[in-house]
Amino acid sequence: MSIAIVAGVIGAGAVAGCLGSLLGLGGGVFLVPFLNAGLGLDFRVAAATGLMTVIANSSAVSAGRAGRNLINLRLGMLLEIATTIGGLIAAFTVAYLSNHALALIFGLVTAAISVLMLTRLDRRNVLDASVSPGRLGGRFHDDDTGREVAYQVKRLPLGMSASFVAGYVSGTLGIGGGILKVPVLNAWCGVPMRAAAATSALMIGVTAAASAPQYFARGDVNPPVAAAAVIGVLIGSNFGLRFGGRAPVKWLKVLMAAVLAAVSVLYFTKAFA
Amino acid sequence: MIAPADDQAIDRLERQVGRLLQAGVWTAAVCLTIGLVSWTALGPGRFGDVLLRIGLIVLMLTPLARVVASLVAYVRLRDWFFAATTLMVFVVLVAAWLLKS
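Residues numbered from 1 in each chain as written. Chains lettered and ligands numbered in written order. Predicted model: local features only at pLDDT ≥ 70, side-chain atom pairs only at ≥ 80, totals over all residues. Heavy atoms only, no water.

Along the backbone of chain B there are three helices and zero strands. For chain B, the succession of helices and strands along the chain, N to C, is α-α-α. Within chain B, buried positions represent 43% of all 101 residues. For chain B, the computed accessible surface area is about 5,500 Å², with 68% contributed by carbon and sulfur atoms. (Helix = DSSP H or I, 4+ residues; strand = E, 2+ residues; numbered from the N terminus. Buried < 20%, exposed > 50% of the residue type's maximum accessible area, 1.4 Å probe, protein only. Areas by Shrake-Rupley, 256 points an atom, 1.4 Å probe, with all protein chains shown as cover.)

Here it is in structure tokens:
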């Protein structure tokens, strides 16, 4: 592997990390297609690299946000039961999935989320601070309105199911799975976008840690590629964190949907080529 | 009966978890950077390879450490529902290291 490829992976990691921290994703959804379709790495090597960057990005983003009350630790931990089981099952079953099947899953997942994001652009879910958030809800300072707001968690079984699927997809494709959880938590479970994104950002690291060791043990991790990607993602996510607070949520969602639609077309083309 | 949310304790936990995650990621990042520089400058070799592997293992263990920290905190708060929740996540993560595919 040449210095040019190392530099390219660091650069791609930086872009993915920046977009990832802006959108509350691990960034894997942008990086894995680049490594797989762009650099021609095997799907499983790309996925293993993606999982490493997800862990790094998750820890960096959550550490940067700690103290802002956006992260819902209790809800996150409860949903992590489902995501880690999904991730663990994925790590064992991915060996039996063909590249065709993986491309198809990637295309379907990204297409579904892209549509979901566009149809739920303005759901904010924030309640007055006087409302009791219940055992699982939370309160935080809302930058958009400048007030203290509260939210309640609804339809927990739906959130758990979505988390299981997100965990499975994360462990199979090497993406964080935030693209699946964040819209569901936001659209149906009553969690405001920023709280859902921050909680998901914390969760995806734990989720990825349930499948990464299996990839590592099987030799699917290419250490220099993974190192370059992790370093790039850390640089990018720090940059994204610094400017993310000022970007309007609505345009973040439109940007996210557009990128996912492009990734989806790419993988459907791969699956049916 | 579930203990009521102790907002201050949870806030403190959030900050401690943040510091723990940061320490893990920085340790991993330093190992990975030195390993990668050695790997590209000197070519594949034992020194670079070992450092890269150590960095990746530390990285993979960071979320596990954060789950352990949460578990200790919930036990201390006597919040048994969330202590049990965290314990289940811990068991799955340990299984990820121990099970053979």
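Here the focus is the overall build of chain A. Scanning chain A from N- to C-terminus turns up eleven helices and three strands. Within chain A, the fraction of its 273 residues that count as buried is 61%. Considering only contacts in chain A between residues 6 or more positions apart, those separated by 24 or more positions represent 79%. In the structure as shown, chain A presents an accessible area of about 9,200 Å², 65% of it carried by carbon and sulfur atoms. (Contact = heavy atoms within 4.5 Å.)

Residues and elements named next belong to chain A. Per the counting criterion, the structure on display carries seven aromatic pairs over all chains. Each ring, one from Phe 43 and one from Tyr 267, has its centre 5.8 Å from the other, and the planes form 45°; the classification is tilted. Here Phe 43 is found in helix H3 (residues 43-65), whereas its partner Tyr 267 is found in helix H11 (residues 249-272), with 224 residues between them in sequence. Pair check on accessibility: Phe 43 and Tyr 267 agree, each one buried. An angle of 10° between the planes, with centres 6.3 Å apart, marks the rings of Phe 268 and Phe 272 as stacked. With a gap of four residues between them, Phe 268 and Phe 272 both fall in helix H11, about one helical turn apart. (Phe/Tyr/Trp six-rings, centres within 6.5 Å; stacked < 30°, edge-to-face > 60°.)

This paragraph deals with the packing of helix H4 (residues 73-93) of chain A against helix H3 (residues 80-98) of chain B. One can describe the packing of H4(A) onto H3(B) by two numbers: an axis separation of 9 Å at closest approach and a directional angle of 25°. Comparing their axes, H3(B) and H4(A) come out roughly parallel. Of the two elements, H4(A) crosses H3(B), and the hand of that crossing is left-handed. Facing H4(A), whose interface residues are Arg74(A), Met77(A), Leu78(A), Glu80(A), Ile81(A), Thr84(A), Ile85(A) and Leu88(A), H3(B) presents Phe81(B), Phe82(B), Thr85(B), Thr86(B), Met88(B), Val89(B), Val92(B), Leu93(B), Ala95(B) and Ala96(B). Residues that form the contact of H4(A) with H3(B) fall into these classes: 13 nonpolar, three polar and two charged. (Axes fitted to C-alpha atoms, helices over the stretch in contact; angles between N-to-C directions. Parallel < 35°, antiparallel > 145°, perpendicular 65-115°, else oblique. Left-handed = near helix turned anticlockwise from the far one by under 90°. Nonpolar A, V, L, I, M, F, W, Y, C, P; charged D, E, K, R; others polar.)

Right, let's get into the confidence of the model for chain A. Overall, the prediction assigns chain A a mean pLDDT of 84, with 88% of residues at 70 or greater. For chain A, per-element mean pLDDT is lowest for strand S1 (residues 127-128) of chain A, which scores 68, and highest for helix H9 (residues 212-218) of chain A, which scores 95. (pLDDT = per-residue confidence, 0-100.)

Residue and element names in this part refer to chain B. In the predicted model, chain B carries a mean pLDDT of 86, and 89% of its residues have values of at least 70. Confidence, read as mean pLDDT per element, is least for helix H1 (residues 7-42) in chain B (84) and greatest for H3 (95). Both scores are given for the predicted complex: the pTM is 0.88, the ipTM 0.88.

The subject of this paragraph is the pattern of salt bridges. This model, assessed by the stated rule, comprises five salt bridges over all chains. Note that Glu80(A) is salt-bridged to Arg66(B), the shortest N-O span being 2.7 Å. Remark: Arg66(B) occurs in helix H2 (residues 46-76) and Glu80(A) occurs in helix H4; the pair is interchain, linking two chains. Here Arg66(B) falls in the buried class, since its relative accessible area comes to 2%. Among the salt bridges present, the one from Asp220(A) reaches Arg218(A), with a minimum N-O distance of 3.5 Å. Of the residues examined, Asp220(A) reaches a relative accessible area of 16% and is grouped as buried. Look at Arg218(A) and you get partly exposed, because its relative accessible area is 30%. (Salt bridge = Lys/Arg side-chain N within 4 Å of Asp/Glu carboxyl O.)

This part is about the nonpolar core. Soluble globular proteins tend to bury their nonpolar side chains together. By size, the foremost hydrophobic cluster in this structure holds 102 residues, and its most contacted members are Met52(A), Phe106(A), Ile175(A), Ile179(A), Val221(A) and Leu93(B). The residues touching Leu93(B), leaving out its near neighbours within four places in the chain, are Thr84(A), Val206(A), Ala209(A), Ala210(A), Pro63(B), Leu64(B) and Val67(B). (Core = buried A, V, L, I, M, F, W, Y, C linked by side-chain atoms within 4.5 Å.)

With that settled, the discussion passes to the side chain of Thr85(B). Positionally, Thr85(B) belongs in helix H3. A polar atom in the side chain of Thr85(B) sits 2.8 Å from the backbone oxygen of Phe81(B). In contact with Thr85(B), not counting residues within four places along its chain, are Met77(A), Leu78(A) and Ile81(A). (Polar contact = N/O pair within 3.5 Å; in protein donor to acceptor, adjacent residues only side chain to side chain.)

Right, let's get into the environment of Lys270(A). Residues and elements named next belong to chain A. Within the secondary structure, Lys 270 is located in helix H11. Note on Lys 270: relative accessible area 37%, which makes it partly exposed. Separated by 17 residues in the primary sequence, Lys 270 and Lys 253 place their C-alpha atoms 26 Å from one another. Non-local contacts of Lys 270, meaning those with residues more than four positions away in its chain, are made with Asn 36, Ala 37 and Ala 103.

Once that is clear, we can look at the interface of chain B and chain A. Listed as interface residues are 45 residues of chain B and, on the opposing side, 48 residues of chain A. Summing both sides of the interface, chain B and chain A together bury roughly 4,100 Å²; the carbon and sulfur share of this comes to 77%. With 15 residues, H1(B) is the largest single contributor of residues to the side of chain B that touches chain A. When grouped by side-chain class, the residues that make up the side of chain B that touches chain A number 28 nonpolar, nine polar and eight charged. (Buried area = accessible area lost by both parts, 1.4 Å probe.)

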